[in-house]
Amino acid sequence: MKLFNIALLLAGISAAAGTHAAPAPAPLAATAPIAPAKPPAATAAPAATEHAALPPPSSAAQKLYTAARADILQVRVLLKNGRTQSSVGSGFLIGTGDLVVTNYHVVSQFALDPDTYVGEWVDTAGQRGNVELLAVDVLHDLAVIRVNRHGTGFFQMPAQLATLTQGQYLYSMGNPLDLGFAISEGAYNGVVTRSFYDQLMFTGPINSGMSGGPSVTASGDVAGINVSKRLDGELVSFLVPARYAQQLLEQASRLAKPPKDFKAVITAQLLAHQDAMLARLLATPLSLKAMGPYRVPVRESEQMRCWGRSNVKADKPYTIDNTSCAMESAIFISGALQTGQVSMRHEFLRSSELGALRFAELASTSFKNESFGSYKSAHLTGPHCTEQFVRNASLPLRAVLCVRAYRKFPGLYDFALLAASTDEPLMNLQSRLDARGVSYANGLRVTRTFLEALTRTPSTKATGTP
């Protein structure tokens, strides 16, 4: 078996992957769609996708809503052709001006495709008008739009924002399920740090259509902006802290005119995010965990969680242990694209019952069944891949490295690295790293770090189940 240095594998991804025309299909037998490692089903989803009934408001909530209702808007995305409704969310007027804060995911369709979609606002009195998009912050899921009416001054974004105390009541407003404007109440329960950017935990209901609406204190101070809720829990919702909206409003107020193409703005924000994400990920060496005689790299942090499973009790002639780590949040770009995320997965196979030939077939089938993405995607080019036998400091490996370029966001790529040990006839380690929405240089950097970290304990020698 001829072995190559890791640098040759990385060099095998040609400059063609850096273009935005789909490269020729790579000669890989990757057909079965096996998704990269991902966290358990307990994930957050944009509030614009959730459905549940709201409880009746308290007297305090009713007083707040009565005072604020004139400045709460429904924000709609319409098809230009026929002006039929495509999606709905909420927003709120700031001060006595004409600027409205909402979520980026509410307006993402006309931010990315203004030739097809247009925005419209509707207030609690039934008045409506056109929307002008001024600024977006995809990292915090925020947008600022201009409308052709003014606020009454109820919602303020002062230089000194309100200080929140865990347990205090907050009141979220919006248009849930497109049924009419409403208010829901719950408690503030601290800052959630598992997402890459801070969010506030709100133990109250946020439902479809409330995305982008305000969440205020009992005195009417803006605490946050409705954004998402947990799919697997009861009354566990999330708010974007008001300070991020304050910063975006300041940016929007300094603009002489809005950008002609928001894709360029989004690209710049995503490039900044991936720099910060990988700097944090690689600030210290990856941790190594034992899987049989092998040591595999993982990262456990506030943003990344790891979990494992095994088929050890299954009636199988072989054993498989899995360790997976993934970031628990991603950056929403569109309904079909989320990015800015890293995941890693390790699978340790061994057997004392299968012969070497049958075990090799099992391991080879598992390796070939990995998917690296479709060639028909409207958002990314097809995968451009290279496959080689390589050796790091302690382990011979079969490795595949694939790169996909983003069609609408130049300079961003998805990297996928799959590696399998080749040193044992009845034992096999298969490891995969996925880095989504990274620069080309950072993609090479993180895949090299991951590949070089795979090791085997020098004194261990085994040929079957330990």
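Residues numbered from 1 in each chain as written. Predicted model: local features only at pLDDT ≥ 70, side-chain atom pairs only at ≥ 80, totals over all residues. Heavy atoms only, no water.

**Description of the confidence of the model for the protein chain**
Next, step 1: In this model, the protein chain carries an average pLDDT of 86, and 86% of its residues clear a pLDDT of 70 or more.
Next, step 2: Note on residues 48–52: pLDDT is under 50 here. Beyond four places in sequence and across chains, it has 18 contacts.
Next, step 3: Contacts for the low-pLDDT stretch residues 462–466, under 50 throughout, to residues beyond four places or in other chains number 14 contacts. (pLDDT = per-residue confidence, 0-100. Contact = heavy atoms within 4.5 Å.)

**Concerning the environment of M277**
Next, step 1: Note that M277 resides in helix 5 (residues 262–281).
Next, step 2: Along the sequence, M277 and F196 sit 81 residues apart, while their C-alpha atoms lie 8.0 Å from each other. (Helix = DSSP H or I, 4+ residues; strand = E, 2+ residues; numbered from the N terminus.)

**Focus on the side chain of T102**
Next, step 1: Inspection of the secondary structure assignment puts T102 in strand 5 (residues 99–102).
Next, step 2: Of the residues examined, T102 reaches a relative accessible area of 0% and is grouped as buried.
Next, step 3: Separated by 2.6 Å, the side chain of T102 and the backbone oxygen of S90 make a polar contact.
Next, step 4: Setting aside anything within four residues of it in sequence, one finds T102 in contact with V75, S90, G91, V107, D141, L142, A143, S211 and G212. (Buried < 20%, exposed > 50% of the residue type's maximum accessible area, 1.4 Å probe, protein only. Polar contact = N/O pair within 3.5 Å; in protein donor to acceptor, adjacent residues only side chain to side chain.)

**Description of the pairing of strand 10 (residues 182–192)**
Next, step 1: Taken across its eleven residues, strand 10 has eight buried, putting it largely inside the fold.
Next, step 2: With six bridges joining them, strand 9 (residues 169–174) and strand 10 adopt antiparallel strand pairing. Within strand 10, the position partnered with Y169 by the bridge is A187.
Next, step 3: Sheet analysis places strand 10 next to strand 11 (residues 199–203), joined by four bridges and oriented antiparallel. (Pairing = 2+ DSSP bridges.)

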